[in-house]
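Structural features, examined
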Amino acid sequence: MPQLQDTKRRRVLRSLLTAAFVSLSLVGASLVMTDEAEAGAAPKPKILFKTNQGDITVELEPDRAPNTVANFIAYVKSGHYDGAIFHRVISNFMIQGGGFDRDYNRLPTGKPLQNEADKGLSNERGTIAMARTSDPHSATDQFFINLKFNGSLDHRSKSGDGWGYTAFGRVTDGMNIVARIGLVKTGSGGPFQTDVPVEPVVIEKATVVQ
């Protein structure tokens with residue numbers, strides 16, 4: 001009987017060791033796959049805005065709002081934003097620009113975008129989003145950067161105002177510059193009666209840096 005019990009113990013021990021080995025192998029394989037996936041992941045595009053107030057870097061989210069990101073990058077690469085101004089600044093809300101030059105001439109645009117706010121980011125502080133008219137699918141070149149969490153701008157439903165505003169990236173460097181712009185003195189300018197920086201806030205150059 002003791003000999004039989006020893007045999008059983010050895011069999012149980014072998015089974016436990018085999019199970020442990022298989023488990024460790026699976027964990028190791030999982031870690032390798034994760035490392036490979038991370039290594040193979042394409043870097044998110046980044047845009048550098050050189051303004052007369054300082055530099056702002058924005059990282060875009062093509063997985064969340066692919067058409068919006070592609071449209072924005074196309075405008076950047078074409079030089080569309082070079083010399084454009086932030087024409088609308090509302091303290092503790094947002095700064096908006098990209099559509100007018102220093103003389104308030106409207107810059108030429110491409111076709112409007114289909115709203116992607118239902119897939120995009122929340123309009124948190126530091127996120128960049130597309131400006132539009134009351135038509136939810138009217139965004140073209142103008143964008144804004146949120147100065148605070150603006151949850152009221154998020155997607156709620158696919159009807160009317162519920163569409164929200166497509167946030168498609170976030171500031172990764174230069175949020176202090178964004179905050180500084182948000183505090184500039186404003187008044188009237190060009191066709192706008194309010195919220196226009198008294199001293200122009202100019203995007204001197206916009207480039208894709210990654």
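What you see is a predicted model; the values in this text were computed from it and never measured. (Residues numbered from 1 in each chain as written. Predicted model: local features only at pLDDT ≥ 70, side-chain atom pairs only at ≥ 80, totals over all residues. Heavy atoms only, no water.)

**Focus: empty space enclosed by the protein**
Inspection of the entire model under this criterion finds one cavity of 30 Å³ or more. By volume, the largest cavity is sized at about 60 Å³. Taken together, Thr 68, Leu 113, Gln 114, Asn 115, Glu 116, Met 130, Arg 132, Pro 136, Ala 139, Gly 164, Tyr 165 and Thr 166 make up the lining of the largest cavity. Split by residue class, the lining of the largest cavity holds five nonpolar, five polar and two charged. (1 Å grid on protein atoms, 1.4 Å probe; cavity = no way out; pocket = protein on both sides within 12 Å on 5 of 7 lines; lining within 4 Å. Points joined across faces, edges and corners; volume = space filled by probe spheres on them. Nonpolar A, V, L, I, M, F, W, Y, C, P; charged D, E, K, R; others polar.)

**A closer look at the side chain of His 87**
With respect to the helices and strands, the residue His 87 is situated in strand S3 (residues 86–90). Side chain to side chain, His 87 and Gln 142 meet in a polar contact 3.3 Å long. (Helix = DSSP H or I, 4+ residues; strand = E, 2+ residues; numbered from the N terminus. Polar contact = N/O pair within 3.5 Å; in protein donor to acceptor, adjacent residues only side chain to side chain.)

**Observations concerning the confidence of the model for the protein chain**
Per-residue confidence for the protein chain gives a mean pLDDT of 88, with 81% of residues at or over 70. This model gives residues 16–27 a pLDDT under 50, and the stretch forms zero contacts once residues within four places in sequence are excluded. In this model, residues 31–37 is a region of pLDDT below 50 whose contacts with residues beyond four sequence positions or in other chains number zero contacts. (pLDDT = per-residue confidence, 0-100. Contact = heavy atoms within 4.5 Å.)

**Structural notes on the packing of aromatic side chains**
What the rule picks out here adds up to 11 aromatic pairs. Measuring from centroid to centroid gives 5.3 Å for Phe 72 and Tyr 81, while their planes differ by 40 degrees, and the two rings are tilted. Phe 72 sits in the buried class, given a relative accessible area of 0%. Pairing Tyr 75 with Tyr 81 gives two aromatic rings, centres 6.0 Å apart and planes at 50 degrees, and the pair type is tilted. Summarising the burial analysis for this pair, Tyr 75 and Tyr 81 share the class buried. These aromatic residues form a ring-pair network of at least three members: Phe 49, Phe 72, Tyr 75, Tyr 81, Phe 86, Phe 143 and Phe 168. Lying over the aromatic face of Phe 100, Arg 106 brings its terminal NZ or CZ to 5.3 Å of the ring centre. Arg 132 extends its terminal NZ or CZ atom over the ring of Tyr 165, reaching a point 4.0 Å from the ring centre. (Phe/Tyr/Trp six-rings, centres within 6.5 Å; stacked < 30°, edge-to-face > 60°. Buried < 20%, exposed > 50% of the residue type's maximum accessible area, 1.4 Å probe, protein only. Lys NZ or Arg CZ within 6 Å of the ring centre and 35° of its normal.)

**Digging into the nonpolar core**
Nonpolar side chains tend to gather and get buried jointly when the protein is soluble and globular. Among the nonpolar cores identified, the biggest contains 31 residues, and Phe 49, Phe 72 and Phe 143 are the most heavily contacted of them. For this core, the element with the most residues is helix H2 (residues 66–77), which contributes five residues. Excluding residues within four positions of it along the chain, Phe 72 makes contact with Ile 47, Phe 49, Leu 60, Tyr 81, Ile 128, Phe 143 and Phe 168. Residues Leu 121, Ala 129, Ala 131 and Leu 153 belong to the second largest nonpolar core, which totals seven residues. (Core = buried A, V, L, I, M, F, W, Y, C linked by side-chain atoms within 4.5 Å.)

**With respect to the pairing of strand S7 (residues 167–173)**
Remark: a regular strand shows side chains that alternate across the two faces of the sheet. Across four bridges, the pairing between strand S2 (residues 54–60) and S7 is antiparallel. Paired with Val 58 across the strands is Val 171, a residue of S7. Two elements, strand S5 (residues 127–130) and S7, share three bridges in a ladder whose sense is antiparallel. In the sheet register, Ile 128 faces S7, and the bridge partner there is Gly 169. (Pairing = 2+ DSSP bridges.)

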